[in-house]
Amino acid sequence: MAITVNIPTILRPLTDNQRRVELSGATVQDIIENLEQQHTGIKEKLLADGQVHQFINIYVNDDDIRFSDGLATAVKEGDSVTILPSVAGG
Amino acid sequence: MLIITPRLIEVMIAQARKEHPYETCGIIAGVEGSNKPKRLIPMQNVAQSRTFFQFDSKQQLQVWREMTARGEEPIVIYHSHTDSAAYPSREDVLYASEPQAHYLIISTTNTHSDSVRSFRIVNGTVTEERIKQVAEQEAALTMRLEMV
Ligand SMILES: [Zn+2]
């Protein structure tokens, strides 16, 4: 049932400095809700108005969820979800 | 203070000039916690813009995974400004997400003489730091002396 979530450096203060968190869920949305249950405050760093923040990349295995079903993207046992703040600027 | 080899600075400037007038970008990885930039990785600017840069998301995942596997982290995150001074813009500050990194900016305009500058960007606060260019062997020595 476990899905591995890779936490970026900047969010590790919210996960007791853990780099990886094991969670269950059927979609990326579930994963974020379950992450929030365990590590309060992380959801607002990832979502704004119910959408993934424009400069946060979320991947299921090798795929950026922007190019699949967004928060509805399905996850299954053994998958890894990676969160990375997009490196960007002006 | 950022301690870096002249060779790495030259490579970044060359990449910035080549991609001018678009903004260039990339990172220099190094062993986690070492504060020593070693492995330069040019990144694709998907924005292809004179005023914005953004790493390609697929390439970023690959590069970040590779760093994790090698016990590295981004020591330097660099990009160019093609029509302004080498000072962090509002967006640079807003999107900075690697508090341990040195944010290096290369200006490719002719009007700004101080063309390479380095900053720390932590929680929205910008602090400029000195860049010390030293050849490879010397760099290790300087690092040791700083720790005393
Ligand atoms: Zn900038």
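Our subject in this report is the structure included herewith. Bear in mind that the values here come from a model prediction, so they are computed numbers and not experimental data.

### Some details on the overall build of chain B
In step 1: The number of helices and strands found in chain B is four helices and nine strands.
In step 2: What you see in chain B, going N to C, is helices and strands ordered as β-α-β-β-β-α-β-α-β-β-β-β-α.
In step 3: In terms of overall size, chain B behaves like a compact globule, its C-alpha atoms giving a radius of gyration of 15 Å where 148 residues would be expected to give roughly 15 Å.
In step 4: Oriented by its inertia axes, the alpha-carbon framework of chain B measures out at about 40 × 35 × 30 Å.

### Focus on the nonpolar core
In step 1: Ranked by internal contacts, the top residues of the largest apolar core, which has 23 residues, are I27, F55, V63, W64 and I77 of chain B.
In step 2: Elements represented by at least two residues in this core include exactly β2 (25-31), β3 (39-43), α2 (57-70), β6 (102-107) and β7 (116-122) of chain B.
In step 3: A total of four residues in this core trace back to one element, the largest contributor, which is α2 of chain B.
In step 4: W64 of chain B has contacts with L84 and V87 of chain A together with I27, F55, P74 and E98 of chain B, leaving out every residue within four places of it along the chain.

### Let's talk about the coordination of the zinc ion
In step 1: Every protein donor of the zinc ion is accounted for by G90 of chain A (O), H79 of chain B (NE2), H81 of chain B (NE2), D92 of chain B (OD) and D92 of chain B (OD), and the metal-donor separations fall at 1.9 to 2.6 Å. One end of the pair, G90 of chain A, is in the segment after β8 (88-89); the other, D92 of chain B, is in helix α3 (residues 90-95), on a second chain. With respect to class, G90 of chain A is no different from D92 of chain B; both count as buried.

### Some details on the sheet that holds strand β2 (residues 20-23) of chain A
In step 1: Taken in spatial order, the five strands line up as β2-β1-β7-β5-β6 (chain A) in an open sheet, and their pairing is mixed. Two strands close off the open sheet at either side, each with one partner strand: β2 and β6 (63-64) of chain A.
In step 2: Bridge analysis of strand β1 (residues 3-6) of chain A against strand β7 (residues 80-85) of chain A gives three bridges, and the strand direction is parallel. In the sheet register, T4 of chain A faces β7 of chain A, and the bridge partner there is S80 of chain A.
In step 3: Docked against the sheet, helix α1 (residues 28-38) of chain A engages β1, β2, β5 (56-60) and β7 of chain A, running at close to 110° with respect to β2 of chain A.
In step 4: Strands in contact with α2 of chain B are β2, β5, β6 and β7 of chain A; relative to β7 of chain A, the strand with the most contacts, it is inclined by about 105°.

### Quick notes on the pattern of salt bridges
In step 1: Using the criterion set out here, one finds 13 salt bridges over all chains in the structure.
In step 2: Close ionic contact of R66 of chain A with D64 of chain A constitutes a salt bridge, the shortest N to O distance being 2.9 Å.
In step 3: By relative accessible area, R66 of chain A is classed as partly exposed at 40%.
In step 4: A salt bridge links E72 of chain B to R70 of chain B; its shortest N-O distance comes to 3.2 Å.

### Re the interface of chain A and chain B
Accessible area lost when the parts come together is the quantity often used to give the size of an interface.
In step 1: The partner chain B presents 26 residues to the 23 residues of chain A that form the contact.
In step 2: Here chain A packs against chain B, burying approximately 1,900 Å² in sum over the two surfaces, 53% of which is carbon and sulfur.
In step 3: Inspection of the chain A/chain B interface yields three salt bridges.
In step 4: For R65 of chain B, the salt bridge identified is with D62 of chain A, shortest N-O distance 2.6 Å.
In step 5: Our enumeration of links across chain A and chain B arrives at 14 residue pairs in polar contact (both at pLDDT 80 or more).
In step 6: Top element by residues in the side of chain A that touches chain B is β7 of chain A. It accounts for four residues.
In step 7: Of the residues in the side of chain A that touches chain B, the class split is eight nonpolar, nine polar and six charged.
In step 8: Where β8 of chain A lies against strand β4 (residues 53-54) of chain B, two bridges are found, and the strand directions are antiparallel.

Criteria and thresholds
Residues numbered from 1 in each chain as written. Chains lettered and ligands numbered in written order. Predicted model: local features only at pLDDT ≥ 70, side-chain atom pairs only at ≥ 80, totals over all residues. Heavy atoms only, no water. Helix = DSSP H or I, 4+ residues; strand = E, 2+ residues; numbered from the N terminus. Rg over C-alpha atoms; globule rule 2.2 N^0.38 Å. Core = buried A, V, L, I, M, F, W, Y, C linked by side-chain atoms within 4.5 Å. Buried < 20%, exposed > 50% of the residue type's maximum accessible area, 1.4 Å probe, protein only. Contact = heavy atoms within 4.5 Å. Donors = N, O, S within 2.8 Å, 3.2 Å for Na, K, Ca; no water. Pairing = 2+ DSSP bridges. Axes fitted to C-alpha atoms, helices over the stretch in contact; angles between N-to-C directions. Salt bridge = Lys/Arg side-chain N within 4 Å of Asp/Glu carboxyl O. Buried area = accessible area lost by both parts, 1.4 Å probe. Polar contact = N/O pair within 3.5 Å; in protein donor to acceptor, adjacent residues only side chain to side chain. Nonpolar A, V, L, I, M, F, W, Y, C, P; charged D, E, K, R; others polar.

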